[in-house]
Amino acid sequence: MRWLVPFTGLVSLLGQSVAAVELTLGNEASVKSAASTIAFGLLKFYTGNNTGDTPGNLPDPYFWWETGAMFGTMIDYWFLTGDPSYNEATTQAMLHQASNTRDFMPPNQTRTLGNDDQGFWALAAMSAAENKFPDPPKDQAQWLALAQAVFNQWATRWDEETCGGGLRWQIFTFNNGFNYKNSISNGCFFNLAARLARFTGNQTYADWAAKIFEWEQTVGLITPGFDIYDGVTIKEGNNCRETDQIQWSYNHGIFLHGAAVMYNITKASSVWKQRIDGILDSTVKLFYKNGIMVEQFCEDPGFCDIDQQSFKGYLTRWMAGTTQMAPYTFDTIRPLLESSATAAARACSGSPTAPSTGQPMFKGIPGTACGFKWTAPFDGLVGVGEQMNALSAVMYTLVSKVASPVTADTGGTSQGNPNAGLNQPSIGSLPEITLGEKVAAGFVTTAIAFGVIGGSVFVMF
Ligand SMILES: *[C@@H]1O[C@H](CO)[C@@H](O)[C@H](O)[C@H]1NC(C)=O
Ligand SMILES: *[C@@H]1O[C@H](CO)[C@@H](O)[C@H](O)[C@H]1NC(C)=O
Ligand SMILES: *[C@@H]1O[C@H](CO)[C@@H](O)[C@H](O)[C@H]1NC(C)=O
Ligand SMILES: *[C@@H]1O[C@H](CO)[C@@H](O)[C@H](O)[C@H]1NC(C)=O
């Protein structure tokens, strides 16, 4: 199959001063062509497969996790559109960042590697297993085993010493945020556990998913009205009640989708249905304006940071996934996906002549750079997040045209290993920690942080 979209894009440019990305919903060819144009602009930001660069890294200012999120998007892109153009770069990046320990804990990233960062790569591996993304060669890491490796490490990092459970944001004591338990880290754990339960049929994963969700509720991060707050700070005497109440679209998305997976595998349990309905309702109230998705906290005031500029793409991904796992939500979600897709494509009309503040220059087709706001014409903000959000908005409208994610029993081919990720020699590859950092963090917590890498190491401490 050949993909000629860059050329169609250029042709339309010749005739018009403002190109924008044309999109006719309901016309599969049009949706695929629009997605291809936007994907082309997105991958132009990626330099990791150039000679001398590192596969799986985006240039500054993008953090490592966002590349994992991007390749997760590209795995779905291939599945939804059939366009294999980026598969090679995707596999190369995924395997390189899985690294020798096969757990998405590359030593180079230790300084920025929190549970949520590792999580976005693990979720990409899970999507690869569920979508039957081509399996790597036998001697390489396998998608399902990678997801299990990260699950296993999270299970050993579950910390009952504070707040009655939960994953901390950070893995290493010396990184800021080790004293914070946040919804996205626990959301990654929850979402992955639910999907592993569905894929493998192993009840242990389902039990974990239920436990994580209930912990989020008990600690007050998911409220009775299904607001989902960012996280709690662990401080002596504060009882884990010092809550950061900012609500981010990806937190709603990741819990919504995980709840839908649990609903599906429990054969429509009323508990999970109530959770889906509650989160979906809260999502629509918070993150949609006239049917168009907005990052409610920072989009209108205009202070979303580089990370936050990519969150709408993930909410889109998980809204679409929810319609597969809980088909009764389709009638509610489809119109929201469609109105956002139309708005997002309309905002892909930029021809920037200079980079947005702090981001690299757009090198896609002129007239097709996507802005951040979808409630307005092209707003001039351009970057990986903007491009990835719009790609998601457009391509996930195809969700009802494709098969549901497979399981081990329904055609999945990815090889797993329930014990992956445990007893890794990762400890030897940690960067040197200064005495100051050790003292600041305290020996006990350091031991916990190290212990989580491999059960045996903890015993040695
Ligand atoms: C890197 O990947 C992109 C997208 O798949 C591809 O167009 C490009 O040729 C690749 N570059 C190298 C050096 O392989
Ligand atoms: C770690 O950094 C080195 C030096 O830049 C690079 O060669 C290597 O590929 C990196 N490893 C990973 C897993 O990114
Ligand atoms: C189910 O998952 C748990 C947790 O990872 C694992 O310990 C157990 O071996 C798995 N069971 C099977 C039958 O694979
Ligand atoms: C579970 O997901 C499958 C695949 O999408 C779907 O056909 C089925 O109806 C779902 N089950 C429930 C209870 O909604």
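So, how was this worked out
- Residues numbered from 1 in each chain as written.
- Chains lettered and ligands numbered in written order.
- Predicted model: local features only at pLDDT ≥ 70, side-chain atom pairs only at ≥ 80, totals over all residues.
- Heavy atoms only, no water.
- UniProt positions renumbered as here; feature names shortened; annotations may be inferred.
- Near = heavy atom within 4 Å.
- Polar contact = N/O pair within 3.5 Å; in protein donor to acceptor, adjacent residues only side chain to side chain.
- Areas by Shrake-Rupley, 256 points an atom, 1.4 Å probe, with all protein chains shown as cover.
- Helix = DSSP H or I, 4+ residues; strand = E, 2+ residues; numbered from the N terminus.
- Nonpolar A, V, L, I, M, F, W, Y, C, P; charged D, E, K, R; others polar.
- Axes fitted to C-alpha atoms, helices over the stretch in contact; angles between N-to-C directions.
- Parallel < 35°, antiparallel > 145°, perpendicular 65-115°, else oblique.
- Left-handed = near helix turned anticlockwise from the far one by under 90°.
- Contact = heavy atoms within 4.5 Å.
- 1 Å grid on protein atoms, 1.4 Å probe; cavity = no way out; pocket = protein on both sides within 12 Å on 5 of 7 lines; lining within 4 Å.
- Points joined across faces, edges and corners; volume = space filled by probe spheres on them.

By the naming in an unreviewed UniProt entry, the chain goes by Mannan endo-1,6-alpha-mannosidase and is assigned to Echria macrotheca. The heading Subcellular location (unreviewed entry) in the UniProt record of the chain holds the text "Endomembrane system". On record in UniProt, under Catalytic activity (unreviewed entry), the comment for the chain is "Random hydrolysis of (1->6)-alpha-D-mannosidic linkages in unbranched (1->6)-mannans."

Right, let's talk about the site of ligand 4 for a bit. Around ligand 4, the neighbouring residues are Tyr-263, Asn-264, Ala-268, Gln-324, Met-325, Pro-327 and Ser-404. Between Asn-264 and ligand 4, the recorded distance is 2.3 Å, taken from a side-chain N or O atom to an oxygen atom. Ser-404 places a side-chain nitrogen or oxygen 2.6 Å from an oxygen atom of ligand 4. Protein coverage of the free-state accessible area of ligand 4, which is 360 Å², stands at 58%. Elements with a minimum of two residues in the shell around ligand 4: helix 9 (249-265) and helix 11 (311-325). Per-class residue counts for the shell around ligand 4 are four nonpolar, three polar and no charged.

Closest axis-to-axis distance for the helix 3 (residues 64-81)/helix 5 (residues 115-131) pair is 7 Å, and the angle between their directions is 15°. One finds that helix 3 runs roughly parallel with respect to helix 5. Relative to helix 5, helix 3 is oriented so that their crossing is left-handed. Within the contact between the two elements, helix 3 uses Trp-64, Trp-65, Thr-67, Gly-68, Ala-69, Phe-71, Gly-72, Ile-75, Asp-76, Trp-78 and Phe-79 and helix 5 uses Asp-117, Gln-118, Phe-120, Trp-121, Ala-124, Ser-127, Ala-128 and Asn-131. Grouping the amino acids of the contact of helix 3 with helix 5 by side-chain chemistry returns eleven nonpolar, six polar and two charged.

What follows covers empty space enclosed by the protein. Taken as a whole and assessed by the stated rule, the structure comprises three cavities of 30 Å³ or more. Roughly 250 Å³ of volume is contained in the largest cavity. If you go around the largest cavity, you meet 20 residues; those closest to its centre are Asp-76, Asn-131, Gly-321, Gln-324 and Pro-405. Within the residue set of the lining of the largest cavity, elements represented by two or more residues are helix 3, helix 5, helix 7 (183-200), helix 9 and helix 11. The biggest single contributor to the lining of the largest cavity is helix 11, with six residues.

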